[in-house]
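So you can see what is in the structure, the chains are spelled out below.
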Amino acid sequence: MFVRFGKLGDAWYVFGKMLERDVFSWNVLISGYAKKGFFDEALCLYHRMLWVGFKPDVYTFPCVLRTCGAVPNLERGKEVHVHVIRFGFEADVDVINSLITMYVKCGDLPKARLLFDKMARRDRISWNAIISGYFENGEYLEGIRLFFKMREHWFDPDLMTMTSVISACESLGDERLGREIHGYVIVTGMSADVSVCNSLIQMYFSLGCWETAEKVFDRMEWRDVVSWTAMISGYENNVLPDKALDTYRMMELHGFVPDEITLASVLSACAYLGKLDMGIKLHELAKRTGFISYIIVANTLVDMYSKCKCIDKALEVFHSIPDKDVISWTAIILGLRLNNRCFEALIFFRQMKVSLKLNSVTLVSVLSACARIGGLMCGKEIHAYALRTGMALDGFLPNALLDMYIRCGRMGPAWNQFNSQKKDVSAWNILLTGYAQRGQGKLAVEFFNRMIKSNVSPDEITFIPLLCACSKSEMVTEGLKYFNSMELTYGVTPNLKHYACVVDLLGCAGQLEEAYEFIQEMPIKPDAAIWGALLNACRIHRQVELGEFAAQRIFESDRRSVGYYVLLCNLYANSGKWDEVAKVRKMMKDNGLVIDPGCSWVEVKGKIHAFLSGDDFHPQINEINALLEGIYEKMRLAGLGGPKCDSMDGVEISRAEIFCGHSERLAVAFGLINTVPGTPIWVTKNLYMCQSCHSTIKFISKIVRREISVRDTEEFHHFKDGICSCGDVEILGKALTNRTSERN
């Protein structure tokens, strides 16, 4: 009685007071400790029983062997196997079944199979034990063969057999076999069982056959919370978040209370769709039901809040998790990166390293943050760590390393990484993007041709940087040739992003009428990004009327993207329409839109330093300002005019500096002060570089004889001897619409 109620202390007290004990007394106590998870205590009791002279019976060995398998402890299990033989129970079916299960749990499949093959008499449990054993150890094909052999020996499988066989079909990814097993389930009448149907739903979803999973679900007479959860998580895994949320609402209407897996799946769907309101309600439900204590729910909440741009709420949930695992840390690091708080992401990463072992997913997230702010040394540390731990070729990590070197402007190390890894289409695309960012159209075309010669088929992503590179280099003929060959030659159907690239290609080259006609003739409805590309071209070439028309089309579908307001402001500013600039700024304010403050990062001696626009709190700010004032004076003496006013006051705003912030000047000056002469300076910026900053840094590179690289939100500007690699073409927001579309 005490054992059944889990009162092991009381059971032990009664057992200790017994003047006489029999083998049943020992079996009950051993079983009680084993069921409560005190495996070592159960095994000690078994040895104590032997020591005081009690002979085990057929009920003793199954319990003790289950304990050995649960630990798992193969050596103890082998020892008990010897006892089975010594006490003469090697012919008992129940004992041998327990031995098979023990060897399976301990990973010794050959020994388990040997025992099974030698059995003179088998029952259904024997077959289930060996079949599930193969499945548990990843030997799915052999397990399936044994299942069919079981049928040949006229043993009817039970529900346990069928659920494990269906799960094996899922693991094998064999749709044909899965459907055959489904047919057998229907013939044998097992399709009425909830657990079997739940396994079928999970199998079909994993095979991508979600419509068949729906049919299984719809035909179920009885459903439990696992059934609903299988549907919700299946939709979520198959990137059908709308269906996941609809199913959850139906589940609520049918009166089912979600479990922790349900909540995690629904929260993931909310994260994908940006459904913050529903996510908040689920958070409140998790608090009321206590599911917030499950780490899977807390981790998914961190992810949901991060993707819904509520990073402070994500941090709040993260800090409330008592025992954070690798997924918790990875979720918050990635969340900080998604919310452009990369500096903090690196701080969290260093805290994480102290107590937890990193995995490749974490490293990919951190490398993304390094790439964003130009953290080359941190990226190199991660690369070295990946090489030491043997993770350098795991999953997406090689391409993440390649992307980090490209975004940090190091084409040499990027090429070394490219040549040392598997060259899949993603790797080629990343390098192609590097050439596009540098405006190196001819090199991009040469690299694309090399990719084709290497028998790597381009995908839809490949053509985006290729077309962008052609646009920046004003290679209109080549760009149109590649666009027209996408479907005919490479079997890639153009999507909206490709059409936007072509509009940008034509527009930047001054062919505005052709760009507008191209939009009119598109086979698919243009989105905001298409019209944004046209608006950008109108800004460059000061075509106000057509630009206003494009802006009207944009704001019909998208009033939340700041980038389009930036373009319209610059269009009016370029044309001297300051009243219109003020109206757009008011429109932004009324819509609650805020432009990110300008921020630039520079890496000096392995440490990243951040500078915000108008930063007066840096410890070296007086030295920085003094250095810049000296440079401005030299510019005036040289007849270059010095820096322009960066006032943001209504009509008087300077068109060249509307959305710059000039933080890169502070970063460059800091680099000059804190590095030895001749050392290159690498700066990364979160906004566009204005003409004033561009001219200032060109001048600095000439007078100090240093190479200075500034990567703004669009491209690399490599300054040397007073010359910039961009050729001084149209600074500030050259292709903002494409970037805005990518962020969306």
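Position numbers for residues start from 1 in each chain and track the written sequence from start to end. At least 70 in pLDDT is required for a residue's local features to be given in this predicted model, at least 80 for side-chain atom pairs to be given and counted, and no such filter applies to totals for whole chains, interfaces and linings, which use all residues. With hydrogens and water excluded, all non-hydrogen atoms of the structure serve as input to the side-chain values.

Runs of E in the DSSP output that reach at least two residues are strands. Runs of H or I that reach at least four are helices, and both are numbered from the N terminus. Along its length, the protein carries 39 helices and six strands. Each principal axis of the C-alpha distribution contributes one length, and for the protein these read about 110 × 55 × 50 Å. Considering only contacts in the protein between residues 6 or more positions apart, those separated by 24 or more positions represent 63%. Surface exposure here means Shrake-Rupley accessible area, sampled with a 1.4 Å probe, where a residue is shielded only by the protein chains that are shown. A total accessible area of about 35,300 Å² is found for the protein, and carbon and sulfur atoms account for 53% of it. With 84 positive and 87 negative side-chain charges, the protein shows a spacing of 4 Å between the two charge centroids. Only heavy atoms enter the contact rule, under which two residues are in contact if any of them lie within 4.5 Å. The convention is simple: Lys and Arg are positive, Asp and Glu are negative, and His and the chain ends are not counted. To locate a charge, take NZ of a lysine, CZ of an arginine, CG of an aspartate or CD of a glutamate.

Let us now look at the side chain of Ser 199. Following the sequence through the fold, Ser 199 ends up in helix H12 (residues 194–206). A 1.4 Å probe rolled over the protein chains alone gives each residue an accessible area, and that area as a share of the maximum for its type sets the label: buried under 20%, exposed over 50%, partly exposed in between. Ser 199 gets classed as buried once you look at its relative accessible area, which sits at 10%.

What follows is about the pairing of strand E1 (residues 599–604). Moving residue by residue along a regular strand, the side chains alternate between the two faces of the sheet. By the criterion of burial, E1 is predominantly enclosed, with six of the six residues buried. Neither face of E1 is exposed, since Cys 599, Trp 601 and Glu 603 on one face and Ser 600, Val 602 and Val 604 on the opposite face are all buried. Two strands pair if DSSP finds at least two bridges between them. The sheet contact formed by E1 and strand E2 (residues 607–612) spans six bridges and is antiparallel. Along E2, the bridge assignment pairs Glu 603 with Ile 608. Hairpin connection between E1 and E2: a loop of two residues separates the two successive antiparallel strands, and Lys 605 in this loop has a positive phi of roughly 55 degrees. One ladder, built from three bridges, connects E1 with strand E3 (residues 681–685); its direction is antiparallel. Looking at E3, one finds that Val 602 is bridged to Val 683.

The next thing to look at is the packing of helix H17 (residues 276–289) against helix H18 (residues 295–307). Axes, fitted as lines to C-alpha atoms, cover a helix only where it is in contact. Angles between the N-to-C directions of the axes lie from 0 to 180 degrees. Where H17 contacts H18, the two axes come as close as 11 Å, and the packing angle between them is 155 degrees. In terms of orientation, H17 and H18 fall into the roughly antiparallel class. Remark: the crossing between H17 and H18 carries left-handed chirality. Contacts from Leu 276, Gly 279, Ile 280, His 283 and Ala 286 in H17 reach Val 297, Leu 301, Met 304 and Tyr 305 in H18. For the contact of H17 with H18, a count of residues per class yields seven nonpolar, two polar and no charged. In this scheme, roughly parallel covers angles under 35 degrees and roughly antiparallel covers those over 145, while 65 to 115 is roughly perpendicular and the rest are oblique. It is the rotation of the near helix from the far one that decides the hand of a crossing: anticlockwise by less than a right angle makes it left-handed, clockwise makes it right-handed. In this classification, the charged set is Asp, Glu, Lys and Arg, the nonpolar set is Ala, Val, Leu, Ile, Met, Phe, Trp, Tyr, Cys and Pro, and all remaining amino acids, among them Gly, are polar.

A few words on a nonpolar patch on the surface. Within the patch definition used here, like charges are joined within 9 Å and nonpolar side chains (Val, Leu, Ile, Met, Phe, Trp, Tyr) within 5 Å, considering only residues with over 30% relative accessible area and no salt bridge. By definition, a salt bridge exists where a carboxyl oxygen of Asp or Glu is found within 4 Å of a side-chain nitrogen of Lys or Arg. Together, Met 1, Phe 2, Phe 5, Tyr 13, Val 14 and Met 18 give the surface a local cluster of nonpolar side chains, amounting to about 650 Å² of exposed area. In this fold, Met 18 is placed in the loop between helix H1 (8–17) and helix H2 (23–35). According to the relative accessible area criterion, Met 18 is partly exposed, its value standing at 31%.

Turning our eyes to something else, we now look at the pattern of salt bridges. One pass over the structure, following the stated rule, counts 21 salt bridges. A salt bridge links Arg 151 to Asp 156, with the shortest nitrogen-to-oxygen separation between them at 3.3 Å. On the basis of relative accessibility, which here comes to 27%, the residue Arg 151 falls in the partly exposed class.

Interpretation in functional terms is not warranted from these geometric data alone.
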